[in-house]
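This is what each chain is made of:
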Amino acid sequence: MRHPHDVEVPVRVDRADPAPLPAQIVQQLRDLVVSGALRPGDPLPSTRGLAARLGISRGSVVTAYDQLHGEGYLHATNGATVVHPDLARSRVERPGTRPDPRPPAALPRRARERPMIDLTPGRPDTGRLATPGWRAAWRDAAAAAGSAAPPAQGSEALREQIAEHLRLMRGVVRDPQDLFVTAGARDGLQLLLAALGGLAGRPLRVAVEDPGYPSLRRVPERLGHRVLPVPIDDQGLDPARLPSGAWSGAGRWEVERAPDAVVVTPSHQYPLGASMPAARRLELLGWARAHDALIVEDDYDSELRYVGEPLPALSSLDHGPGTVPGPPSPGRRLGAGGHVATLGSFTKVLAPGLGVGYLLAPPALREELLRLRTDLGNPASAVAQDAMARFLSDGGLRRHTARMRREYRRRRDLLTAALAGVRGVRAVPMDGGLHAVLEFTGEVAFEEQDVVARAAAAGVRVAALGSYWAEGARGGRRGVVVGFGATGAAPEGDALPDALAVLARVLSAPGPGPGAAR
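Read on for an overview of the structure.

As a further point, take the sheet that holds strand β8 (residues 261–264). What the eight strands build is an open sheet, ordered β4-β11-β10-β9-β8-β5-β6-β7; its pairing is mixed. With one partner strand each, in any of the chains shown, β4 (179–182) and β7 (236–237) form the two edges of the open sheet. With six bridges joining them, strand β5 (residues 205–210) and strand β6 (residues 226–233) adopt parallel strand pairing. From the neighbouring strand, Ala-207 faces β6, where its bridge partner is Leu-228.

In this chain, Asp-210 is followed by Pro-211 through a cis amide linkage whose omega measures 10°. Secondary-structure assignment places Pro-211 in the loop between β5 and α8 (214–222). Positive phi outside glycine occurs at Asp-292, with the angle close to 50°.

A few words on the packing of helix α13 (residues 448–457) against helix α14 (residues 496–508). Where α13 contacts α14, the axes come no closer than 10 Å and their chain directions differ by 135°. The angle between α13 and α14 falls in the class oblique. Judged by the sense of rotation from one axis to the other, the crossing of α13 with α14 is right-handed. Here α13 contributes Val-451, Arg-454 and Ala-455 to the contact with α14, which in turn contributes Leu-503, Val-506 and Leu-507.

The final tally for this structure, using the stated rule, is eight aromatic pairs. Between the aromatic rings of Phe-440 and Phe-446, the centroid separation amounts to 4.8 Å while the plane-to-plane angle is 35°, which identifies the pairing as tilted. Take Phe-440: its relative accessible area is 9%, and that puts it in the buried class. Grouping aromatic residues by their ring pairs yields a cluster made of Tyr-213, Tyr-270, Tyr-300 and Tyr-468.

Our next topic: the pairing of β4. Across the two faces of β4 the burial is the same, with Leu-179 and Val-181 and Phe-180 and Thr-182 all buried. Bridge analysis of β4 against strand β11 (residues 357–360) gives four bridges, and the strand direction is antiparallel. Bridged to Leu-179 within β11 is Leu-360.

On to the sheet that holds strand β12 (residues 425–427), then. Strand order across the open sheet formed by four strands is β12-β13-β16-β15, with antiparallel pairing between neighbours. Each of the sheet's edge strands pairs with one partner strand only, and the pair in question is β12 and β15 (463–464). In the sheet, β15 pairs with strand β16 (residues 479–483) via two bridges, with the strands oriented antiparallel. Across the sheet, Ala-464 pairs through a bridge with Val-480, a residue of β16.

Of all six residues in strand β10 (residues 340–345), six are buried, a share of seventy percent or more. The alternating pattern of β10 places Val-340, Thr-342 and Gly-344 and Ala-341, Leu-343 and Ser-345 on opposite faces, both of which are buried. As paired strands, strand β9 (residues 294–298) and β10 are joined by four bridges and run parallel to one another. Across the sheet, residue Glu-297 finds its bridge partner in β10, namely Thr-342. Pairing of β10 with β11 involves four bridges; the strand directions are antiparallel. Note that in β11 the partner of Leu-343 across the bridge is Leu-359.

The next point concerns the nonpolar core. In this structure, Phe-346, Leu-350, Met-388, Leu-438, Val-462 and Leu-507 are the most contacted members of the largest nonpolar core, which totals 63 residues. Counting residues per element, this core draws most heavily on α14, which supplies eight residues. Discounting residues that sit within four places of it in the chain, Val-462 has contacts with Leu-119, Thr-120, Val-452, Ala-455, Val-480, Val-481, Val-482 and Leu-503. Formed by 26 residues, the second largest nonpolar core is a distinct cluster that contains Ala-185, Leu-192, Val-227 and Leu-359.

A word on the side chain of Arg-123. Tracing the backbone through its elements, the reader meets Arg-123 in the loop between β3 (117–118) and α5 (132–143). Overall, the relative accessible area of 12% leaves Arg-123 in the buried class. Here the side chain of Arg-123 touches Asp-118 through a polar contact of 2.9 Å, landing on its backbone oxygen.

Before going further, it helps to examine the pattern of salt bridges. Pairing between side chains of opposite charge can happen when their charged atoms approach one another. Considering all chains together, one arrives at 23 salt bridges under this definition. In this structure, Arg-128 engages Glu-407 in a salt bridge whose closest nitrogen and oxygen atoms are separated by 3.8 Å. Here Glu-407 lies in helix α12 (residues 396–418) and Arg-128 lies in the loop between β3 and α5, a separation of 279 residues in the sequence. According to the relative accessible area criterion, Arg-128 is partly exposed, its value standing at 39%. According to the relative accessible area criterion, Glu-407 is buried, its value standing at 11%. Two residues, Arg-167 and Glu-164, come together in a salt bridge whose shortest N-O distance is 2.6 Å. Residue Arg-167 and its partner Glu-164 are both found in helix α6 (residues 156–170); the two are separated by three residues, about one turn of the helix. Since its relative accessible area comes to 41%, Arg-167 is described here as partly exposed. On the basis of relative accessibility, which here comes to 32%, the residue Glu-164 falls in the partly exposed class. Salt bridges sharing partners connect three or more residues here, namely Asp-125, Arg-128, Glu-407, Arg-410 and Arg-411.

This part is about α6. Since there are 3.6 residues in each turn of an α-helix, residues three or four apart along the chain are aligned in direction. Over its 15 residues, α6 runs 20 Å from end to end, which matches the ideal 21 Å to within 8%, given 1.5 Å per residue. Residues of α6 that are buried: Leu-158, Arg-159, Ile-162, Ala-163, His-165, Leu-166, Met-169 and Arg-170. Buried residues of α6 fall within an arc of 160° about the axis and therefore sit on the same side. If you check the start of α6, you find a side-chain oxygen 3.3 Å away from the backbone N of Ala-157, and it comes from Ser-155. Once α6 finishes, Gly-171 follows within two positions and takes phi at roughly 70°, a positive value.

Cut-offs used in this document
Residues numbered from 1 in each chain as written. Predicted model: local features only at pLDDT ≥ 70, side-chain atom pairs only at ≥ 80, totals over all residues. Heavy atoms only, no water. Pairing = 2+ DSSP bridges. Helix = DSSP H or I, 4+ residues; strand = E, 2+ residues; numbered from the N terminus. Axes fitted to C-alpha atoms, helices over the stretch in contact; angles between N-to-C directions. Parallel < 35°, antiparallel > 145°, perpendicular 65-115°, else oblique. Left-handed = near helix turned anticlockwise from the far one by under 90°. Contact = heavy atoms within 4.5 Å. Phe/Tyr/Trp six-rings, centres within 6.5 Å; stacked < 30°, edge-to-face > 60°. Buried < 20%, exposed > 50% of the residue type's maximum accessible area, 1.4 Å probe, protein only. Core = buried A, V, L, I, M, F, W, Y, C linked by side-chain atoms within 4.5 Å. Polar contact = N/O pair within 3.5 Å; in protein donor to acceptor, adjacent residues only side chain to side chain. Salt bridge = Lys/Arg side-chain N within 4 Å of Asp/Glu carboxyl O. Expected span 1.5 Å × (residues − 1). Arc of directions from axis to C-beta.

Structure below.
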């Protein structure tokens, strides 16, 4: 067998690709194995050797290899990594998926000279994840992969660890039986809407924040439900702006029916960063109890708060009916208490390709959710569930979160300083998360798409703030959204300072503006 340092595989990375570097490597190696270009027993390069050839951090390669170990594609033996020998008995040909054979030198000239630095939001830094504890969790989970599959609700060990995590980090005390392991926030939302829609016996009316997270807005639309965009203010969603139906007592609604569900991000509104204060949270809970509606709390990156401690989850306030009576309508679905469901995911804190999250369900929906999960199956990998249970029980998530809070605070401060002197731009205050909003104040005639295009031409990718509003709504605020989670791993070090300098130059030399001749 050749020494692993000498092995060559046709893998390349493209910094213009929005996919994280580990995900690019995982996909290419997986395709090489499935297509037969890599065969069972073939050696792979060492993580250090492949990282050096690609010009990226070793941590990105380690993360990719660990993922493929967990999926059963790779196997470690005698200090080397090989394609798993067991695949010889189970390999399935998949036509049309052969990898691009071009080596990195065949990339376009511009990409070789100046790699694109992707500052679009929502992607965490995975380079610091490859700790001994993380590797050990995946190694042990892969070794135990032959054991029984987890139940439809998810691994019992993982649900117990998530319940403890919620108690310590989010102020929520709930039984593990109220938790469902999911493949992420969208999977959890689909499950919730299926359960609620089944009980209602009709398409649902789902209120969403405007602006808000586009993919969560698209989920109910794809499932045939009606989406109701609700404008936000500097304290997040205002319950007073929610449609409120009135029951006539004669078996009909006098005015338009209130939403069946409201999807909110109360701890860190996406993308503008507002935190919903306690008074408004209680008002929203009162509205939900009065209308027998479900509040779906997307708790997407609340642990990454770097000003003070993480805010308690909305579920921590959902103890019972309080003093607000329910409407006199028949067939109440949620009962006297339990009107909040919390969606959580580990992708923003750990890695986007992890595919493990959770749903904390209200008691009234638990049986229906369990029936659905039993019928449809659980899409979260059993190995990934086991690895996350081990990582949580060892305290690995808490340690990693603490490290990344400090790092993201440093990057936030770096961004604020780099753009402080740019005329016509204001950095919206953010208490946490992986992105910042640069709002155009109107002092300079910026146009969002022009800024995005000129930044891309200069080698930096950002997102337009207007893309987060519902179609046709386009709120009065303009700007760009800049992520600082996965900022690239330049061979000479952190790519963020250079990217921010480029962005500052782009914003300091505005384009023609919306009213100028083209």
